[in-house]
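Observations on chain architecture
Letter by letter, the chains look like this.
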Amino acid sequence: MENIENHREFLNHELVKRAKKNSAFSQRAFAKVLGLSPGELSEILNGKRKLSVKKALHIAEKLSLNPEETLHFINLAKVKPQTNGSSPQSEKTSQKLSMDIFEVIGNWYCFAVINLSECEGFQWSKDYIAKKLGISMAEARDALQKLLKVGLIEEDEKLGFKVVSDFIIGPDQIPSSAVRKSHFDLLNKAIVALEESGHEERNITGIGLALNSDEYKSVVKDIAAFRRELVKKYGFSNKNKNKVYQLELALFELTQGNTND
């Protein structure tokens, strides 16, 4: 899929791939898989409907994309048609925005601000954000500046800021190192929670599994399905939200090589 240039090509590729496996698989069936109406999918594929990042995240969940693939799909959704060449200034702007995106993805508290904004009593205040997330005032200020710059939030006359539902992420590269940094920082916070938080405020469990290596991808898909169910059940609930939690799932090999070597 290296030559795919936008989200429409990505989705068409997925549709063709599924149709090859099942000749009866149609665009209507694909729309059902994606949680879209047939008309909505048709307009997206034909370029008549823009794909918001919120909708791109929804589709990524339905396709069981991993975090890096999800970021890539979001970026593809925001790729504009290429002209006869970009100016040096536009390239510099893209590189600068890329660094800003890297820092937003890499700093866990940036997206935590977005989650916190859904909580009852939230205030677009550096003092409030710093206190609630346990970060410094400088980090709270940095988070707001970065979120504003990449288009995740925008200025609002009454509230100060507001979350943008159709925010834009510009570059089409996958900032995998930023994703790794974010997971590293959040796993370290889990270690701190294990030491400092009470049982009523944290749930850290783990299981060991002996698997055939071919089953790994199936387990990853099951984890993705579990995440989707959590988001479906709790992410869009109407109950007043008052705290932000982070769920980190880690599946990794403990053995070295094959046990029969």
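Check the entry above for the structure.
Quick notes on the rules
Each chain carries its own residue numbering, running from 1 in the written order of its sequence. Under the rules for a predicted model, residues below a pLDDT of 70 receive no local features and side-chain atom pairs below 80 are neither given nor counted, while totals for whole chains, interfaces and linings still include all residues. Side-chain figures throughout are based on the complete set of non-hydrogen atoms in the structure, without hydrogens or water. Helix numbers and strand numbers start at the N terminus; a helix is a DSSP run of H or I with at least 4 residues, a strand a run of E with at least 2. Residues are treated as being in contact if the distance between any of their heavy atoms lies within 4.5 Å. Per-residue and other accessible areas were derived by the Shrake-Rupley procedure at a 1.4 Å probe size, with only the shown protein chains allowed to occlude residues. For every residue, the accessible area (1.4 Å probe, protein chains only) is compared with the maximum for its type, and the residue is labelled buried under 20%, exposed over 50%, or partly exposed between those bounds. For patch detection, residues must exceed 30% relative accessible area and be free of salt bridges, and they are connected within 9 Å for like charges or within 5 Å for nonpolar side chains (Val, Leu, Ile, Met, Phe, Trp, Tyr). What counts as a salt bridge is simple: a side-chain nitrogen of Lys or Arg found within 4 Å of a carboxyl oxygen of Asp or Glu. As used here, the term nonpolar core means buried Ala, Val, Leu, Ile, Met, Phe, Trp, Tyr and Cys residues forming a set that is joined through side-chain atoms within 4.5 Å. The criterion for strand pairing is that DSSP finds at least two bridges linking the strands in question. It is the directions from the helix axis to the C-beta atoms that the arc portrays.

A closer look at the overall build of the chain
Check the secondary structure of the chain and you find 11 helices and two strands. What you see in the chain, going N to C, is helices and strands ordered as α-α-α-α-α-α-α-α-α-β-β-α-α. Within the chain, residue pairs in contact and separated by at least 24 positions form 57% of the contacts whose partners lie at least 6 positions apart. Surface accessibility of the chain: about 18,000 Å² in total, with carbon and sulfur atoms responsible for 50%.

Points about the environment of Arg-228
Its place among the elements puts Arg-228 in helix α11 (residues 216-235). Residue class for Arg-228 comes out partly exposed when judged on its relative accessible area of 22%. When the C-alpha atoms of Arg-228 and His-58 are compared, they prove to be 9.2 Å apart, with 170 residues separating the residues in sequence. Those residues in contact with Arg-228 that lie beyond four places of it in its chain are Glu-61, Lys-62 and Ser-64.

Observations concerning a nonpolar patch on the surface
Together, Ile-207, Leu-209 and Leu-211 make up an exposed nonpolar region whose accessible area comes to about 340 Å². Residue placement: Leu-211 occurs in the loop between α10 (176-196) and α11.

What about the nonpolar core?
Counting residues in each nonpolar core, the largest one holds 24 residues, and the members touching the most others are Val-113, Ile-129, Leu-133 and Ile-135. At the level of elements, α7 (108-116), α8 (126-133) and α9 (137-150) are the ones that each hand at least two residues to this core. Among the elements that line this core, the one with the most residues is α7, at seven residues. Apart from residues no more than four positions distant in its own chain, Ile-129 is found in contact with Val-113, Leu-116, Phe-122, Gln-123, Ile-135, Ala-140 and Leu-144. Judged by nonpolar contacts, the second largest core, of 23 residues, contains Ala-31, Leu-45, Leu-51 and Ala-56.

Observations regarding the pairing of strand β1 (residues 153-156)
Here β1 runs beside strand β2 (residues 160-163); their pairing, made up of four bridges, is antiparallel. Note on β2: the bridge partner recorded for Glu-155 is Phe-161.

Things to note about helix α3 (residues 38-45)
Residue pairs three or four apart in sequence face the same way in an α-helix, which turns once every 3.6 residues. Within α3, burial applies to Glu-40, Leu-41, Ile-44 and Leu-45. In an axial view of α3, the angular spread of the buried residues amounts to 130 degrees, which keeps them on one side of the axis. Looking at the packing, one finds that the buried side of α3 touches α1 (7-21), α2 (27-34) and α4 (53-62). Positive backbone phi, at 75 degrees, marks Gly-47, one or two positions downstream of α3.

Focus on α2
Among the residues making up α2, those that are buried are Phe-30, Ala-31 and Leu-34. Mapping the buried residues of α2 onto a view down its axis gives an arc of 105 degrees, with all of them on the same face. Summarising the geometry of α2, the exposed residues directed more than 90 degrees from the buried face are Arg-28 and Lys-32. In this structure, the buried residues of α2 make contact with α1, α3 and α4. Downstream of α2 by one or two residues, Gly-35 has phi in the positive range, about 75 degrees.

In short, shape yes, function no, at least from these values alone.
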